[in-house]
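Given next are the chains, with one letter for each unit.
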Amino acid sequence: MQPAPAPLSKPETSSVQKSPFWSRPSVRASTMVVAFAALMIITNSAASALGSPAAALLIGPVLGVLVLWLYSVAVRRIEQRPVIELARPTAAKRLLLGTLGGLTLACVSIGLIAAFGGYQIIGWGTLAGALTIVGMMFAVAVAEEVLFRGVIFRLVQQRWGTWMALAASALLFGLVHLVNPGATLWGALTLAVEAGLMLGAAYVATGSLWLPIGLHLGWNITTVAIFGTIGSGGDAREALVEAVTPGPVWLTGGSFGPEASLISVAVCSIATVLLLISAHRNGRITRPQKPTSTSRTAAA
């Protein structure tokens, strides 16, 4: 009898298989950015269209909660991890602390601008107008923080470290406001330094979205709804008081509002430095990561 033929050997394959398309980090990151950029545009447009205090106070917070829920679902499904940046045990405390912090920073900024003659109250506005802005800002603050800190900052930090994430997210945050009718390049750049860096630093210091959401909300409500100034070059709205902002652009911010004032930049920069000192002391500043052979293969 003839011996049985030897089995045919299978061709050798590489020990590192190419990952499926959806599991590639670049694909997951791009999906998150595009999806939540679109969601921010939709949310802000819907919030801006709210014309009555009852509708704004009801729909604004609902839109904000919806954005947070969609973010949580996306992180669990796409990134397959727990959403620690929206941890509930510290949510109320950090949201309240942030809101009070934003209110304080806004009051100090407007107070100093007024002391130099750049802000004057000329009459009373309407409570209804102020409440409409308050409701609208719930949605705006959440949608913008989820995109710029929850998605863009966090994803850039994972790959290129904290400093690159701060610069990139702050610059994009400022530039996106150029679409507003009263926007200027000066205003966009000062907003990037004043608010973009501060809100990013708040996220770094806590690892949570609640503090930057609160800061954003408190600042917007105080400057726009209470003091009646323009917010980030947006449309003028009825507020609690009617005010004018005479003086040079460096002082008042001009058509962009007090966020383009050098006084606001200085005040908020102090907060930024303090938050970054806290982040450094707690070991939250990260460096760029060197890609491994596995990650390079997955990105291919």
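Before reading on, note that the structure itself is shown above.
Here the structure is a predicted model, which means the values were calculated and not measured.

Colleague: So what's going on with the packing of helix 6 (residues 185-206) against helix 9 (residues 262-281)? Residues and values would help.
Modeller: Interhelical geometry of helix 6 versus helix 9 gives an angle of 25° and a closest axis separation of 8 Å. Compared by their axis directions, helix 6 and helix 9 come out roughly parallel. Read as a crossing pair, helix 6 and helix 9 show a hand that is left-handed. The segment helix 6 lies against helix 9, with Trp-186, Thr-190, Val-193, Glu-194, Leu-197, Met-198, Ala-201, Ala-202, Val-204 and Ala-205 engaging Leu-262, Ser-264, Val-265, Cys-268, Ser-269, Ala-271, Thr-272, Leu-275, Leu-276, Ser-278 and Ala-279. Grouping the amino acids of the contact of helix 6 with helix 9 by side-chain chemistry returns 15 nonpolar, 5 polar and 1 charged.

Colleague: Lay out helix 5 (residues 162-176) in plain terms, naming residues and giving numbers.
Modeller: Across its 15 residues, helix 5 extends 21 Å between first and last C-alpha, which sits within 8% of the 21 Å expected from 1.5 Å per residue. Along helix 5, the positions that sit buried rather than exposed are Thr-162, Ala-165, Leu-166, Ser-169, Ala-170, Phe-173 and Gly-174. Looking down the long axis of helix 5, one finds its buried residues gathered within 145° of arc, a one-sided arrangement. Where the residues of helix 5 are buried, they touch helix 4 (127-160), helix 6, helix 7 (210-226) and helix 9.

Colleague: Go over the packing of aromatic side chains with me, naming the residues and quoting the values.
Modeller: In the structure shown here, the tally under the stated rule is 4 aromatic pairs. Where Phe-36 meets Tyr-71, the ring centres are 5.7 Å apart and the plane angle is 75°; that geometry is what we call edge-to-face. In this pair, Phe-36 sits in helix 1 (residues 25-48) while Tyr-71 sits in helix 2 (residues 53-79), placing the two residues 35 residues apart along the sequence. Accessibility classification places Phe-36 together with Tyr-71 in one group, the buried group. Relative to Phe-227, the ring of Tyr-119 lies with its centre 5.9 Å away and its plane at 90°, an arrangement referred to as edge-to-face. You can see Tyr-119 sitting in the loop between helix 3 (91-115) and strand 1 (120-124) and its partner Phe-227 sitting in the loop between helix 7 and strand 2 (241-244), a full 108 residues away along the chain. Phe-227 carries the same exposure label as Tyr-119, and that label is buried. Here Arg-149 stacks its cationic end above the ring of Phe-173, 4.7 Å away from the centre of that ring.

Conventions used here
Residues numbered from 1 in each chain as written. Predicted model: local features only at pLDDT ≥ 70, side-chain atom pairs only at ≥ 80, totals over all residues. Heavy atoms only, no water. Axes fitted to C-alpha atoms, helices over the stretch in contact; angles between N-to-C directions. Helix = DSSP H or I, 4+ residues; strand = E, 2+ residues; numbered from the N terminus. Parallel < 35°, antiparallel > 145°, perpendicular 65-115°, else oblique. Left-handed = near helix turned anticlockwise from the far one by under 90°. Contact = heavy atoms within 4.5 Å. Nonpolar A, V, L, I, M, F, W, Y, C, P; charged D, E, K, R; others polar. Expected span 1.5 Å × (residues − 1). Buried < 20%, exposed > 50% of the residue type's maximum accessible area, 1.4 Å probe, protein only. Arc of directions from axis to C-beta. Phe/Tyr/Trp six-rings, centres within 6.5 Å; stacked < 30°, edge-to-face > 60°. Lys NZ or Arg CZ within 6 Å of the ring centre and 35° of its normal.

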